[in-house]
Amino acid sequence: MTNKKLLLIDGNSLAFRAFYAMYNQLDRMISHEGLHTNALVAFNNFLDKIVDPMAPDLALVAWDAGSGKETHRGKLFPEYKDGRSKTPEEFKEQFPYLREMVMLHGLRNYEQVGLEADDIIGTYSRLGEAAGYSVIIVTGDQDLTQLATENITVNVTKKGVTDIESFTPEYIKEKFNLTPAQIIDKKALTGDTSDNYPGVTKVGEKTALKLLSEYKNIDNLYANIDAMKQSKMKENLINDQKLAFQARELATILTDATLELPLAELEYRGVDFENIVPFYENLDFKQQLAKIKALRKSGQIDSTKDQDDDVRFVPLTENNLHSITMLGSKVAVHIEFVGDNYHDGEMIGFVIGNPEIGYYASRDVSLLKTDELKSVIENEDVLKNVFNVKAQLVLFKRLGLDLKGVNFDFMLVAYLLDTVANDNVLSTLAQRFDVYLTPDEDIYGKGAKFAIPTDDHVVLSHITSKADGLFKLENPAFSELNQHQQTHLYTDIELPLAFVLAEMEYQGIKVNPEYLTEKGKDLSERISDIQSAIYIEAGEEFNLNSPKQLGVLLFEKMGLPVIKKTKTGYSTAVDVLEKLAAQAPIVDHILQYRQLAKLKSTYIDGLLSVIYPEDSKIHTRFLQTLTQTGRLSSVDPNLQNIPMRSEEGRLLRTAFVPSKSGWKILGADYSQIELRVLAHVTDDKNMQKAFLNGEDIHAETARAVFGLADDAVVDPLMRRTAKAVNFGIVYGISDYGLANNLGISRAEAKNFIDTYFREFPQIHEWMNTIKDFAREHGYVETIAHRRRYLPDIHAKNFNVRSFAERTAMNSPIQGSAADIIKIAMIKVNEALQKNHLQARMLLQVHDELIFETPVDEIDELTEIVTSVMDSAVALDVPLKVDAHYGDTWYDAK
DNA sequence: CAATTCACG
DNA sequence: ACGTACGTGAATTGT
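- In the nomenclature of an unreviewed UniProt entry, chain A corresponds to DNA polymerase I from the organism Leuconostoc litchii.
- Here chain A is described in UniProt, under the heading Sequence similarities (unreviewed entry), as follows: "Belongs to the DNA polymerase type-A family."
- According to the UniProt record, the Subunit (unreviewed entry) comment for chain A reads "Single-chain monomer with multiple functions."

The following block contains the structure:
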């Protein structure tokens, strides 16, 4: 059974949080009347995301009346809340609208002179509890956790206003080892700087918790203070005793105030959709308005007025197909599909058209195969606007069509403009261009509630609005692209690459399921043997996959030394276990178990589950608009992290085979591409010389760093060290990181770095130049003008800022390497076609390309691939490509 | 849904 | 004094 719910919201503290959560948007979020709306937007989000889904029976938002001076606290302590910085005007002006917003969301506002919001909440929470309600409090102020009981949960916002931490008596016990009542005593000892009342001198949270675990409360503490050991703290406690008791009174929230509104009047009425529309219109909440419109359309809320300002479409049938050929020279095209995976997701409708002539839409995608549609889709001269060209290409391939003439892919353009603000969702990406589209979620729901609306009109008008949106987005997006000097990157790299990737994904790579199944059986046996051995050594059975349980065993029961801790407990990561292996044989067995379990679950079971039975192939998706550097990523499954470093794992590559008998797998990889890019962009003559002379770069680095003669033999340790330094340089070096990696002291690491920078002075100079560039422009870019914004470069926090600085150094390197292989992929594909090779590209793994090819084409393919790859981009150093082939991916080494 | 671990470049 | 090496995805546990 569920109790009735009473929701109590601390209006002031949440509004305050809301204002500062979106403070950086302050100047952007201004309504047409000149009103700042940042706090309103965030507060509205909170009401939508937290309150409405909760559907409480009673609800109230409590506000402070006045400054707090008229309250019992102000009378008790005249300096109460003094010294608070004045509430910004930009915030104050939003207050009346906040109250109206609350009302329109169906909640009561409440304030009362002489009471603070806390006291209103405290009193109603007790009243509600007594009346048998489950009480939920939401606040930004941790002090309210003193109100928690079995029936009263206090939710405190953590970051922003929708990220919440739930305080129950059990949780408070766990987190602070305190009862809710002791929260008051804690405050009594520490005081409150923001409310401007002191506690005991030099007592902060840590000390307060320690004292309370010993003395329970301040009454008991002061009763026993004479017995306390002499210390500075004891002196402070004695001197500040009065302050502590005063602070306790100030910190205590009233639970017995006299209130004017009976509980029964707090009934939650839900959103008043009729009246909230003009309110949102006045504030220019376009996204909210679009959402309400979608809800109306899908029949989830009543609509009294039939206000259909939708983009019109004509239902397409067999009878009006000829209209399609009259659409002219530019259209938007969109096939709607279910889920993320366009390789097997169901196609539920499509739209084609433009704002001038009109849009045609149908739920029946087989209409696309008709001659009329085909003649437009496959016509290069009819320009197409799309969202996610690669997905659309694959969907059309599934229908046997070859989409041509693609002009504008909003998803690709949006990614190039800003890699960070890219969630690949059309409706959110469109907002930055002031185009407001209904989110898919509002039409289809999400998660378990996903459903295609029964009314076809709803689906088709939704996808029509997407197509129409693409026309509104085209000019502003292209114009920004041009301002960024990224037109070439889009037109000549990302867009053609999408076609190459679509073909690779659609082709897929063949795998041998029997091999995986056999290997899986072998692994299962060995895993269970090791597991038994571990249980015997441990003297008990436990969940070996649980780092928590393993930590308890190793570090508590067995008493092994703790080498590293994580946020939540002991670390049991490989580097830790390797250090412990000598001390207990069980550790080595755990490492073996981990390795085999990983192979079995991720690579045997994982891969077997994504083989398409109809062609025995795996069809990954390369995400082209995800990484912050310009690399691709691969999902469903990830084919860019198939094991390689251990022989046991590497053998799994045997399962990846050519799709035709008599064919081979060929792999071609760039050698040291990132260091070559580094030598190029920094224009460091010493490093360039090493590459121009075809030297072993790590050995050459070792000679430089260790001051050896040009022809000296480099011992393996020196080479390994130099290699680590080279890696460190590419990652945006720090002495701390290098020391950690090499297991040397920071001073030694710093020494290496200093020497390195002396030997390669232009690298050093570039590292400073690129950081300056980032600070001045707020972004860094690659050789193809791919951008990465680094707002944190100005952060006050050292860690945050340092991270941005390393990113400033690393991204142009990693990103330029990504540019190069992308260009190579396009050129290789062109060369394959031009030379009429049957061979095809299957995979890209950051610096290597994998192909399948008839045996008799191998020599020609090798020649074409290596020459195209190493001439893809002309750098000031040569690019080097190695190629290998064999019967399987494993053998292409 | 976050945290941990481990696979790759 | 500060205290992380850069970029990813998947499986698993545990709240």
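Picking up after the structure, the text goes on.
### Overview of the packing of aromatic side chains
Okay, so step 1: Scanning the model with the defined rule gives 28 aromatic pairs in all.
Okay, so step 2: On the basis of an interplanar angle of 45° and a centroid distance of 6.0 Å, the ring pair of F408 and F410 is categorised as tilted.
Okay, so step 3: Here the aromatic rings of F410 and F433 are separated by 5.8 Å at their centres, their planes lie at 70°, and the arrangement is edge-to-face. On the criterion of sequence distance, the pair formed by F410 in helix α17 (residues 410–417) and F433 in the loop between α18 (426–431) and α19 (440–444) is long-range, its members being 23 residues apart. The two residues F410 and F433 agree in class, both being buried.
Okay, so step 4: An aromatic cluster of at least three residues, connected via ring pairs, comprises F16, F19, F43, F46, W63, F91 and F95.
Okay, so step 5: For R99, the ring lying beneath its charged end belongs to W63, and the centroid distance is 4.5 Å.
Okay, so step 6: Directly above the ring of Y779 sits R787, whose terminal nitrogen or CZ lies 3.8 Å from the centroid.

### Quick look at a nonpolar patch on the surface
Okay, so step 1: On the surface, F16, Y20 and Y23 cluster together into a nonpolar patch covering about 320 Å² of accessible area.
Okay, so step 2: On the secondary structure map, F16 appears in helix α1 (residues 11–21).
Okay, so step 3: Given the relative accessible area of 45%, F16 is considered partly exposed.

### Quick notes on the protein's contact with DNA strand B
Okay, so step 1: As a structural note, the neighbourhood of DNA strand B is formed by 22 residues, with T568, K598, M644, R645 and D847 the closest of them.
Okay, so step 2: Backbone sugar and phosphate groups make up 78% of those atoms of DNA strand B lying within 4 Å of the protein.
Okay, so step 3: Between a phosphate oxygen of DNA strand B and a main-chain N or O atom of V574, the distance comes to 2.9 Å.
Okay, so step 4: The separation between a sugar or linking oxygen of DNA strand B and a polar side-chain atom of Y603 is 3.5 Å.
Okay, so step 5: With 4 residues, the top contributor of residues to the surface near DNA strand B is helix α25 (residues 585–608).
Okay, so step 6: Of the residues assigned to the surface near DNA strand B, the class counts are 7 nonpolar, 9 polar and 6 charged.

About the cut-offs
Residues numbered from 1 in each chain as written. Chains lettered and ligands numbered in written order. Predicted model: local features only at pLDDT ≥ 70, side-chain atom pairs only at ≥ 80, totals over all residues. Heavy atoms only, no water. UniProt positions renumbered as here; feature names shortened; annotations may be inferred. Phe/Tyr/Trp six-rings, centres within 6.5 Å; stacked < 30°, edge-to-face > 60°. Helix = DSSP H or I, 4+ residues; strand = E, 2+ residues; numbered from the N terminus. Buried < 20%, exposed > 50% of the residue type's maximum accessible area, 1.4 Å probe, protein only. Lys NZ or Arg CZ within 6 Å of the ring centre and 35° of its normal. Patch = residues over 30% accessible without salt bridge, like charges linked within 9 Å, V, L, I, M, F, W, Y side chains within 5 Å. Areas by Shrake-Rupley, 256 points an atom, 1.4 Å probe, with all protein chains shown as cover. Salt bridge = Lys/Arg side-chain N within 4 Å of Asp/Glu carboxyl O. Near = heavy atom within 4 Å. Polar contact = N/O pair within 3.5 Å; in protein donor to acceptor, adjacent residues only side chain to side chain. Nonpolar A, V, L, I, M, F, W, Y, C, P; charged D, E, K, R; others polar.

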